Amino acid sequence: MNEKLNETTAEIMSKLRTVFAEWFGNGHVDEEDPNTCLLRIRLTTGILYHHGTRYDIDFTV
């Protein structure tokens, strides 16, 4: 692991390695690359269409 990572980042990376173990270590992530970054996306709303029915989703509840 990159020694520049702080304790909080190291903890998050440890969790991500576990959750995404199937693809994390097969070339998709290079922790030694200084351009590698974690991106967190929080969905607030969404729309799902299923068999012609529209479902509005509120992820904030």
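Up top is the structure.
Residues numbered from 1 in each chain as written. Predicted model: local features only at pLDDT ≥ 70, side-chain atom pairs only at ≥ 80, totals over all residues. Heavy atoms only, no water.

**Details of the overall build of the protein**
So the rule is basically this: Strands here are runs of E lasting at least two residues and helices are runs of H or I lasting at least four, both read from the DSSP assignment and numbered beginning at the N terminus. A radius of gyration in this sense is built from C-alpha atoms; the matching globule rule multiplies 2.2 Å by the number of residues raised to 0.38. Residue burial is assigned from relative accessible area. The probe radius is 1.4 Å, only protein chains are included, and a residue is buried under 20% of its type maximum, exposed over 50%, and partly exposed in between. All accessible-area figures derive from a Shrake-Rupley calculation using a 1.4 Å probe, and residue coverage is judged against the displayed protein chains alone. Note on charges: Lys and Arg go in the positive column, Asp and Glu in the negative column, and His and the chain ends are not counted at all. Lysine's charge is taken at NZ, arginine's at CZ, aspartate's at CG and glutamate's at CD.
Along its length, the protein carries two helices and two strands. For the protein, the sequential pattern of α-helices and β-strands runs α-α-β-β. Whereas a compact globule of 61 residues would reach a radius of gyration of roughly 10 Å, the protein reaches 17 Å, over 25% beyond that. Taken along its principal axes, the extent of the C-alpha atoms in the protein is 50 × 25 × 20 Å. Residues counted as buried form 10% of the 61 residues belonging to the protein. Just so you have it, the protein exposes about 5,800 Å², and 54% of that area is on carbon and sulfur atoms. The centroid of the 6 positive side-chain charges in the protein is displaced by 7 Å from the centroid of its 10 negative side-chain charges.

**Regarding the pattern of salt bridges**
Heads up, the rule is: One speaks of a salt bridge when a side-chain nitrogen belonging to Lys or Arg is within 4 Å of a carboxyl oxygen belonging to Asp or Glu.
The full count for this structure, using the stated rule, is two salt bridges. Two residues, Glu-11 and Lys-15, come together in a salt bridge whose shortest N-O distance is 3.7 Å. Here the residue Glu-11 and the residue Lys-15 both occupy positions in helix H1 (residues 7-19), the gap between them amounting to four residues, near one helical turn. The class of Glu-11 is partly exposed, set by a relative accessible area of 47%. Here Arg-54 and Asp-56 are joined by a salt bridge, their closest N and O atoms 2.9 Å apart. With a relative accessible area of 56%, Asp-56 lands in the exposed category.

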